[in-house]
Amino acid sequence: MPEFLPLAPPPVPVDAQRPTLSEEEEKKRQQVLEHFDADSYEISGLEKGALLNEEKCWLSNECILRYLRASKWVLATAITRIEETLKWRRSYGFYDFLTPEHVEPESLTGKQVLFGYDTQRRPALLMIPSRQNTTEPKGQLQFAVFMMERAIDLMGPGVETMDLLINFAERAKNPALGVAREMLHIIQSHYPERLGLAIVINIPFLVNAFFKLILPFVDPITRNKIKFNPNVIQEGLLTADNLMTQWWGGDHDFEWDHEKYWPALMKMCYDRRKEQMERWKQLGGRVGISEWDMKQSTSAAVDEETVDETPATDEVAPASTEIAVAA
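Bear in mind the structure is a predicted one, so any value in this text is a computation, not a measurement.

Attention now goes to the sheet that holds strand β2 (residues 123-127). Strand order in the open sheet formed by five strands is β1-β2-β3-β4-β5, with mixed pairing between adjacent strands. Strands at the two margins of the open sheet, each flanked by one partner only, are β1 (112-117) and β5 (226-228). Each neighbouring strand pair of the sheet contributes to a mean axis angle of 20°, computed without reference to strand direction. Here β2 pairs with strand β3 (residues 162-167) via four bridges, running parallel. Among the inter-strand pairings, Leu126 is bridged to a residue of β3, identified as Leu165.

Turning to the packing of helix α6 (residues 137-153) against helix α7 (residues 177-190), a few remarks are in order. Where α6 contacts α7, the two axes come as close as 11 Å, and the packing angle between them is 35°. Crossing geometry of α6 relative to α7 is assigned as right-handed. Contacts from Pro137, Gln140, Leu141, Ala144, Val145 and Met148 in α6 reach Val179, Glu182, Met183, Ile186 and Ile187 in α7. Here the contact of α6 with α7 is composed, by residue class, of nine nonpolar, one polar and one charged.

What follows deals with the side chain of Glu160. As for its placement among the helices and strands, Glu160 is situated in the loop between α6 and β3. At a separation of 2.7 Å, a polar atom in the side chain of Glu160 contacts the side chain of Arg66. Excluding residues within four positions of it along the chain, Glu160 makes contact with Glu62, Arg66, Arg69, Met155, Glu193, Arg194 and Glu291.

A few words now on the side chain of Lys295. Structurally, the position occupied by Lys295 is in helix α11 (residues 291-301). The buried charged residue Lys295 lacks any salt bridge partner; its closest oppositely charged side chain belongs to Glu291, at an N-O distance of 4.2 Å. With near-sequence residues (within four places) excluded, Lys295 lies in contact with Ile152, Met155, Gly156, Pro157, Val159 and Gln276.

As far as domains go, the protein holds domain 1 (20-96 + 271-296) and domain 2 (105-256). Between the C-alpha centres of domain 1 and domain 2 there is a distance of 26 Å. Surface buried jointly by domain 1 and domain 2 totals about 1,700 Å² across both partners, of which 51% is contributed by carbon and sulfur atoms. For the interface between domain 1 and domain 2, the tally reads five salt bridges. For Arg69, the salt bridge is made with Glu193, and the minimal N-O distance between the two is 3.1 Å.

Glancing now at unusual backbone geometry. Although it is not a glycine, Glu193 sits at a positive phi angle of roughly 60°. Its location among the elements puts Glu193 in the loop between α7 and β4 (195-201). Of note in the backbone geometry, Asn202 takes a positive phi value of approximately 55° without being a glycine. Relative to the helices and strands, Asn202 resides in the loop between β4 and α8 (205-214).

Attention now moves to the layout of surface pockets. Each pocket or cavity is described by its volume, and for the largest pocket that value is around 970 Å³. Taken together, the elements giving at least two residues each to the lining of the largest pocket come down to α6, β3, α7, β4 and α8. The class makeup of the residues in the lining of the largest pocket is 27 nonpolar, seven polar and three charged. Taken as a whole, the second largest pocket holds about 310 Å³ of empty space. Contributing to the lining of the second largest pocket are 15 residues, with Pro192, Glu193, Asp219, Ile221 and Thr222 lying nearest its centre. Here the lining of the second largest pocket spans two domains, and each of domain 1 (20-96 + 271-296) and domain 2 (105-256) adds at least three residues to it.

Okay, the pattern of salt bridges next. This model, assessed by the stated rule, comprises 17 salt bridges. The partner of Asp39 in a salt bridge is Arg286, with the nearest N and O atoms 3.7 Å apart. In this pair, Asp39 is assigned in the loop between α1 (23-37) and α2 (53-58) and Arg286 in the loop between α10 (258-282) and α11, connecting sequence segments 247 residues apart. Judged by its relative accessible area of 76%, Asp39 falls in the exposed class. Judged by relative accessible area, Arg286 falls into the partly exposed class, the value being 39%.

Moving on to the environment of Pro19. Tracing the backbone through its elements, the reader meets Pro19 in the segment before α1. Measuring from C-alpha to C-alpha, the distance between Pro19 and Gly158 comes to 8.9 Å, with 139 residues separating the pair along the chain.

To continue, consider the nonpolar core. In terms of nonpolar packing, the biggest core is built from 62 residues, with Val145 and Ile199 touching the most fellow members. Counting only elements with at least two residues in this core, the list comes to β1, β2, α6, β3, α7, β4, α8 and α10. Counting only domains with at least three residues in this core, you end up with domain 1 (20-96 + 271-296) and domain 2 (105-256). The contacts of Ile199, once residues within four sequence positions are left out, are Leu164, Leu165, Ile166, Lys227, Pro230, Val232, Leu237, Leu238 and Trp248.

Criteria and thresholds
- Residues numbered from 1 in each chain as written.
- Predicted model: local features only at pLDDT ≥ 70, side-chain atom pairs only at ≥ 80, totals over all residues.
- Heavy atoms only, no water.
- Pairing = 2+ DSSP bridges.
- Helix = DSSP H or I, 4+ residues; strand = E, 2+ residues; numbered from the N terminus.
- Axes fitted to C-alpha atoms, helices over the stretch in contact; angles between N-to-C directions.
- Left-handed = near helix turned anticlockwise from the far one by under 90°.
- Contact = heavy atoms within 4.5 Å.
- Nonpolar A, V, L, I, M, F, W, Y, C, P; charged D, E, K, R; others polar.
- Polar contact = N/O pair within 3.5 Å; in protein donor to acceptor, adjacent residues only side chain to side chain.
- Buried < 20%, exposed > 50% of the residue type's maximum accessible area, 1.4 Å probe, protein only.
- Lys, Arg positive; Asp, Glu negative; His and termini not counted.
- Salt bridge = Lys/Arg side-chain N within 4 Å of Asp/Glu carboxyl O.
- Domains from an automatic or database assignment.
- Buried area = accessible area lost by both parts, 1.4 Å probe.
- 1 Å grid on protein atoms, 1.4 Å probe; cavity = no way out; pocket = protein on both sides within 12 Å on 5 of 7 lines; lining within 4 Å.
- Points joined across faces, edges and corners; volume = space filled by probe spheres on them.
- Core = buried A, V, L, I, M, F, W, Y, C linked by side-chain atoms within 4.5 Å.

Set out below in structure tokens:
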């Protein structure tokens, strides 16, 4: 029978372990934490620069480490990059207008679908360019950012990266080069250490030429994560029970139905964010709290619920609880 709903995140393995740091790495982590956790800290250049609760929650222990790794453990660089992302998230509307209602017109055709997880428990964001339904680059970029944030919502404890599964079947057109470059800039600048894999299939000649144009702008580390036309099951990247039948050869006969899928995904993500924020407050409500600790109860409590209950419109993601834990 056809399926219409997203899949809940997989359970955390009993042997999952938190990464350890060297003495020098721990010292730098503490220095970044002290910088942003100071009572006097404000984001420079903003009239109201005091950190919001959502920003403190976003600035988790793992977030700090992601920026340190991306900055090759250069302290000043990591601090500068975090501050630039804090400013970008404010200006991009994370805490006011980047809501489900704002981006929903972009979602109607199912051009981006969160469905399944790879063998490392990373959520898979499927992109289907042939289903493009709008022409305004700004709205397209906002929707792509919004969906990456929802992928982050679905990351369980110990998962920090996502997979992008890009399918150019059904006469897909080239993405606009300017839009692609801007999206690449956003990912590399404001989502460091967030890409697990980028898997691209059904590449026609013109799209292949497009990739030759865009790849020089991709940093070498990201470039090494891109795979073209792999057999994802045979190569052990994803399993059939986490894949759609169409195009990917999986077990799920998934059909796009916006009226069923979209409310279910929004409810799942909203419930997980709400639970995580409550847990963050219980743990002290400060900068630097571990995502492992924030998400432990989330994965246990929320995912046991069904995902086909449609929330009221003003319950999906009110600005005060839009905590999209990214970076």
